[in-house]
Amino acid sequence: MDTNILLESGTNELEVLEFTLGNNHYGINVAKIREILTYQPVTPVPNSHPSVEGIFMPRDTMITVVNLKRCLGMAESGDGKGLFIITNFNKLNIAFHVDAVIGIHRVSWESIIKPDSTINTEDNSASTGVIKMDDKLIIILDFEKIVSDISPETGLKVSDVDNMASRERCDSPILIAEDSPLLSRLITDCLKKAGYTNLIVTMNGQEAWDKLTEFEKAGNVRDKVHCIITDIEMPMMDGHRLTKLVKTNDNMKKIPLIIFSSLVNEEMRIKGKQLGADAQLTKPEIGNLVEALFRILFINPKRNIFLQKSEINKFLQWTRQIGCRLIASCSNFGKTVCTSTDIRHYCRSLDNILHIILKEFDWFLVKCSIHRKDVVPQCIIKRAFVFP
């Protein structure tokens, strides 16, 4: 199935596949769909979740089949008919068994109605939005929540943060745009646990943009927001539209922006890169989000850009080369008796080496203590020559 219908990124539009379960109409973002297959027999898995019908292997790829009617507490027909909607999100391939597919609709995120708190509670919600179309309502299901209820391991990997060493408290303000109340709470809890305490939480891209424009009018947007974290799928304004607005604004374009979404795949990475996103991470990997913030806010505060792994490896390679030069030039310093010439030669070599580090890697300097020895040595301090 071709999911690349919306060629232009940042238009604040999405395409929704409408399908039915009984007499009810539901929707799913086309960006999540790989293909649609007719129903075929599946192999039941012992002791699996009640909502899991079983597994099947089209084209040598094992896929889990989830019965949506069971998930939503609806009566099953039991006739073995229907369709499989094969999806890919959170790095998972899952088939959802539905009754029929109606078609695809292109809609604006502004036209999607966010369910209120009476039916959209933090723990029990299965819907992310409602679309009114002609004389019917199409409910957009929260497929990430459905899957995480079946298998909690597929949700945010909070254990990744628990296993990290404690970090210094960071007061840099971080703006978060996330429409799911549950995920928003989990993300903020994880970031606070990792030391990021100054969080500005919004429920969608429009709220986040309103905050940014408010700070811009006050003339202090760069002081009020040091980094932006945004989901892609959100009512009113999606993450790609928010990214485009930020990166085309002269006062905001230097603010680092991280896309943190279950939709991040190769196609979405291309779109996000075109819009100027500084990093794009899949939603289960909260540990990678913490590391990305660490690199942006601590390791590279001067340029405010996302350091790639290759840059860190280059720095470590330089450090090793400089260490070898130090050992080679100071070989006489290991003698039992050292002359004043040996000491002077050692001091001059050390002085030159430190000067090289500061000249070549001035942008790599940090503004606080760093506990990750595998990222950068603690001994680098911004200073002039060691010896006169």
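Predicted, not measured: the structure shown is a model, and the values here were computed from it.

J.: Would you take a moment to explain the overall build of the protein chain for this structure?
T.: A count of helical and extended segments in the protein chain gives eleven helices and 15 strands. Within the protein chain, the proportion of its 388 residues that are buried is 48%. When contacts within the protein chain are restricted to residue pairs at least 6 apart in sequence, those whose partners lie at least 24 apart make up 67%. About 19,600 Å² of surface is accessible on the protein chain, with carbon and sulfur atoms providing 52% of the total.

J.: How should I be thinking about the layout of surface pockets in this particular structure?
T.: Take a probe with the size of a water molecule and roll it over the atoms, and the empty space left behind shows itself. Here the largest pocket defines a volume of roughly 480 Å³. If you trace the largest pocket, you find 34 residues lining it, with Asp142, Glu144, Lys145, Ser180 and Leu183 closest to the centre. Here the element with the most residues in the lining of the largest pocket is helix H2 (residues 143–150); it accounts for six residues. Here the residues of the lining of the largest pocket are counted per class, giving 15 nonpolar, nine polar and ten charged.

J.: What's the story with unusual backbone geometry in this structure? I'm lost.
T.: Phi at Arg59 is positive, roughly 55°, even though this residue is not glycine. On the basis of relative accessible area, Arg59 is assigned to the exposed category, the value being 57%. Non-glycine residue Asp60 carries a positive phi angle of around 60°. Summarising the element assignment, Asp60 is placed in the loop between strand E4 (52–56) and strand E5 (63–67).

J.: Would you explain the pairing of E4 in this entry?
T.: Taken residue by residue, a regular strand's side chains alternate between the two faces of the sheet. Of all the five residues making up E4, four are buried; the element is thus mostly covered by neighbouring parts of the structure. Of the strand pairs in this sheet, E4 and E5 are connected by four bridges, and their pairing is antiparallel. Looking at E5, one finds that Val52 is bridged to Val66. What sits between the antiparallel neighbours E4 and E5 is a turn of six residues, in which Arg59 has the positive phi angle 55°.

What counts and what doesn't
Residues numbered from 1 in each chain as written. Predicted model: local features only at pLDDT ≥ 70, side-chain atom pairs only at ≥ 80, totals over all residues. Heavy atoms only, no water. Helix = DSSP H or I, 4+ residues; strand = E, 2+ residues; numbered from the N terminus. Buried < 20%, exposed > 50% of the residue type's maximum accessible area, 1.4 Å probe, protein only. Contact = heavy atoms within 4.5 Å. Areas by Shrake-Rupley, 256 points an atom, 1.4 Å probe, with all protein chains shown as cover. 1 Å grid on protein atoms, 1.4 Å probe; cavity = no way out; pocket = protein on both sides within 12 Å on 5 of 7 lines; lining within 4 Å. Points joined across faces, edges and corners; volume = space filled by probe spheres on them. Nonpolar A, V, L, I, M, F, W, Y, C, P; charged D, E, K, R; others polar. Pairing = 2+ DSSP bridges.

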